[in-house]
Amino acid sequence: MEGHQAQGQAGHSDRTTQERFSAKGFIMAAIGSAVGLGNMWKFPYITGKYGGAAFFALFLICLLVIGLPILLAELTIGRGGRGNPSASMRRLSGQRKWGVLGGLAILCPFIILSYYSVVAGWTVHYSIKAFAGTLFSGVGYGQQFEELMSSWVPAFWQLAVMAICALVVGRGVAAGIEKFNKLLIPAMLVLLIMMMIRAITLPGAMSGVQYFLRPDFSMLTPTSVLAALGHAFFSLSLGMGTILTYGAYVDRRQSLSQAALAVTGGDVLYALLAGLIIFPTCFAFGIEVSQGPGLIFAALPVAFEAMPLGTLFGGLFFLLLSIAAITSAVSLLEVPVAFVMERWGWSRSKASAIVATACFMVGLPSALSVGGAVQGLSLAGKSFFDWMDFISSNIMLPVGGLIVALFAGYAWKQAADEAGLAGRAAWLWLALLRYVAPVLVMLIFLHSMGWI
Ligand code: PHE
């Protein structure tokens with residue numbers, strides 16, 4: 001059976017298709033998903049670790065060569081199939097097995113959300129502490145971070161973050177997700193620009209700008225290439241059904257290739273601004289930028305404490321992180337919610353409340369395992385939190401990306417039509433999906449498993 005017929009028949013039973021984004025609303029929501037802790041927290045520290053500006057250049061290349069084609073593929077599958085990842089793939093191919101493979105892309109965001117909401121909670125906590133001034137109480141930042149980790153506080157904020165997400169997703173695609181992002185994405189841009197001006201006018205900031213923007217390619221190693229590839233994937237929210245699910249709510253008349261370009265451009269812009277805040281600030285205050293994940297929580301507050309109006313800027317910085325994280329978390333929650341709505345016919349509000357509660361419970365050990373009550377819950381030297389991260393980002397995410405590339409590249413013959421591509425553009429897109437993306441995704445996978 002042809003995909004389009006299957007889609008027409010299944011369409012009437014599909015509750016999620018009754019909802020739509022406006023053209024601008026979709027771009028905002030997709031940027032909201034893409035711009036997250038990946039841009040503000042992970043991107044700076046991996047850039048510091050893997051070679052500064054040269055790594056940034058590599059990241060841009062990876063976004064174009066692999067990120068953009070897969071982003072377009074996810075959007076296309078979502079809009080073509082008008083449903084959650086599993087339903088869309090089953091409808092478009094007419095084969096059950098693709099439905100099962102698409103099902104992976106429902107489990108993955110659920111797992112990611114379970115610990116992503118924990119980190120989002122840390123940022124909310126830091127924002128409040130910074131505004132209140134208690135962050136700058138003289139206690140060492142490393143120690144403050146450890147104290148937070150060993151308490152129940154992270155679980156409280158994780159719950160708060162999940163509740164916000166459930167409220168937004170529960171209100172619906174247009175009234176909830178779109179409205180929320182339309183308000184917050186521009187607000188984030190204003191905050192980022194303000195912070196960037198503050199950062200680059202600090203004395204000594206220019207060496208940080210240079211470090212970030214003037215590439216020295218001799219610093220690159222094969223590991224940096226793979227890290228850039230993996231991050232391009234994570235940063236665009238690919239491989240876990242979020243963009244695919246949002247794609248199901250896109251209007252038929254919207255150009256998907258333009259939308260994909262806008263989202264990729266937005267992601268780059270926000271990463272660029274984040275880098276222009278963090279590197280100049282670190283260089284101005286002599287903070288080591290290659291110190292890893294603790295950079296933002298344990299090191300950066302030193303700079304806010306020392307700068308004029310530091311309480312305000314520190315508070316705004318962590319507020320920015322919280323917004324970035326929550327708009328991404330919303331997109332993660334939407335995937336399993338869309339699935340249970342469609343599968344079991346639940347109402348949106350019921351689905352949101354139940355899925356968010358389940359996700360909170362699965363995430364609870366993550367909230368408490370970094371140094372807290374269930375610290376003992378570790379296996380092979382990794383905490384529960386690290387395992388969740390490892391299984392989802394390092395295993396399920398590349399596998400999800402591979403499935404999307406193979407599906408749009410081989411299994412679904414009308415993919416290029418739905419994407420609105422013809423001639424050379426279609427040829428290039430399919431070639432990237434068929435030959436280049438699978439090889440690169442396999443490399444990311446082998447690298448993240450530590451096998452190459
Ligand atoms: N892209 C988000 C970030 O950069 C993370 C994310 C991944 C969000 C997948 C949703 C889905 O932080």
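Everything discussed here concerns the structure shown above.
Just so it is clear, the structure is predicted and the values come from calculations on it, not from any experiment.

Student: Account for the overall build of the protein chain, with residues named and values stated.
Tutor: Check the secondary structure of the protein chain and you find 19 helices and 2 strands. In terms of overall size, the protein chain behaves like a compact globule, its C-alpha atoms giving a radius of gyration of 21 Å where 452 residues would be expected to give roughly 22 Å. C-alpha atoms of the protein chain, sized along the principal axes, occupy 70 × 50 × 45 Å. Every one of the 452 residues in the protein chain was classed for burial, and the buried ones make up 61%. Considering only intrachain contacts with a sequence separation of at least 6, the fraction spanning at least 24 residues in the protein chain is 81%. Counting 26 positive and 18 negative side-chain charges, the protein chain places the averaged centre of each group 8 Å from the other.

Student: Please give an account of the environment of Arg-348 that cites residues and values.
Tutor: Within the secondary structure, Arg-348 sits in helix H16 (residues 348-369). On a C-alpha basis, the gap between Arg-348 and Ala-166 in space is 9.8 Å, while along the polypeptide they are 182 residues apart. In contact with Arg-348, not counting residues within four places along its chain, are Glu-19, Val-169, Gly-170, Arg-171, Gly-172, Val-173, Tyr-249, Glu-334, Val-337 and Met-341. At 2.9 Å, the side chain of Arg-348 forms a polar contact with the backbone oxygen of Val-169. A polar atom in the side chain of Arg-348 sits 2.9 Å from the side chain of Glu-334.

Student: Provide a residue-level description of the packing of helix H5 (residues 85-93) against helix H6 (residues 96-132), including the pertinent values.
Tutor: Two elements in contact, H5 and H6, have axes whose closest approach is 7 Å; the angle formed by their N-to-C orientations is 160°. It follows from the interaxial angle that H5 and H6 lie roughly antiparallel. Regarding H5 and H6, the two cross each other, and that crossing is right-handed. Touching Pro-85, Ser-86, Met-89, Arg-90 and Ser-93 of H5 are Arg-96, Trp-98, Gly-99, Gly-102, Gly-103, Ala-105 and Ile-106, all from H6. Grouping the constituent residues of the contact of H5 with H6 by class yields 5 nonpolar, 5 polar and 2 charged.

Student: Give me the side chain of Ser-331: which residues, what numbers.
Tutor: Position of Ser-331 relative to the elements: it lies in helix H15 (residues 310-344). In this structure the side chain of Ser-331 is engaged in a polar contact, spanning 2.7 Å, whose partner is the backbone oxygen of Ser-328. Apart from the residues lying within four places of it in its own chain, the contact partners of Ser-331 are Ser-33, Thr-242 and Tyr-246.

Student: With reference to specific residues and values, describe the nonpolar core.
Tutor: Across soluble globular proteins, nonpolar side chains show a tendency to be buried alongside one another. Among the nonpolar cores identified, the biggest contains 167 residues, and Ile-70, Phe-317 and Trp-429 are the most heavily contacted of them. By residue number, the principal contributor to this core is H15, which donates 20 residues. Among residues more than four places away in sequence, those in contact with Ile-70 are Phe-233, Leu-238, Gly-401, Val-404, Ala-405, Leu-433, Ala-437 and Val-441.

Student: Residue-level account of unusual backbone geometry, with values.
Tutor: For Arg-82, which is not glycine, the phi dihedral falls at a positive 50°. Following the sequence through the fold, Arg-82 ends up in the loop between helix H4 (53-81) and H5. With a relative accessible area of 8%, Arg-82 lands in the buried category.

Student: An account of the site of the ligand is needed here, citing residue identities and associated values.
Tutor: If you check the shell around the ligand, you find 15 residues, and the closest are Ala-34, Leu-37, Gly-38, Tyr-116 and Phe-234. Contact distances for the ligand include 3.3 Å between an oxygen atom and a side-chain N or O atom of Asn-39. For the ligand, an oxygen atom lies 2.7 Å from a polar atom in the side chain of Tyr-116. If you list the elements that add at least two residues to the shell around the ligand, you get helix H2 (23-34), helix H3 (37-50), helix H11 (222-235) and H15. Tallied by class, residues from the shell around the ligand come to 6 nonpolar, 9 polar and no charged.

Basis of the calculations
- Every chain begins its residue count from 1, and numbering advances along the sequence as written.
- Confidence filtering applies because this is a predicted model: local features only for residues at pLDDT of at least 70, side-chain atom pairs given and counted only at 80 or more, and all residues used for totals across whole chains, interfaces and linings.
- Hydrogen atoms and water are omitted, and side-chain values are computed over all heavy atoms in the structure.
- The secondary structure listing takes helices from DSSP runs of H or I that are at least 4 residues long and strands from runs of E that are at least 2 residues long, numbered from the N terminus.
- Only C-alpha atoms enter the radius of gyration, while the globule expectation follows 2.2 Å times N to the 0.38, with N the number of residues.
- The buried label goes to any residue with under 20% of its type's maximum accessible area, the exposed label to any with over 50%, and the partly exposed label to all in between, with areas taken from a 1.4 Å probe on protein chains only.
- Residue contacts are defined here by distance: any two heavy atoms, one from each residue, within 4.5 Å place the two residues in contact.
- In this tally, Lys and Arg are treated as positive and Asp and Glu as negative; His is ignored, and so are the chain termini.
- For the purpose of locating charges, the reference atoms are NZ of Lys, CZ of Arg, CG of Asp and CD of Glu.
- Definition of a polar contact: a pair of N or O atoms within 3.5 Å, with one able to donate and the other able to accept a hydrogen when the atoms are protein atoms, and with sequence-neighbouring residues admitted only if both atoms are side-chain atoms.
- Lines fitted to C-alpha atoms define the axes here, with helix axes fitted over just the stretch in contact, and angles between the N-to-C directions of these axes take values from 0 to 180 degrees.
- Orientation is classified from the angle alone, with under 35 degrees giving roughly parallel, over 145 giving roughly antiparallel, 65 to 115 giving roughly perpendicular, and any other angle giving oblique.
- Crossing chirality is assigned from the near helix's rotation relative to the far helix, an anticlockwise turn below a right angle marking it left-handed and a clockwise turn marking it right-handed.
- For this classification, Asp, Glu, Lys and Arg are treated as charged, while Ala, Val, Leu, Ile, Met, Phe, Trp, Tyr, Cys and Pro are nonpolar and the rest, including Gly, are polar.
- Only buried Ala, Val, Leu, Ile, Met, Phe, Trp, Tyr and Cys residues count toward a nonpolar core, and they belong to the same one when joined by side-chain atoms within 4.5 Å.
- The rule for a residue being near a molecule or strand is that one of its heavy atoms must lie within 4 Å of it.

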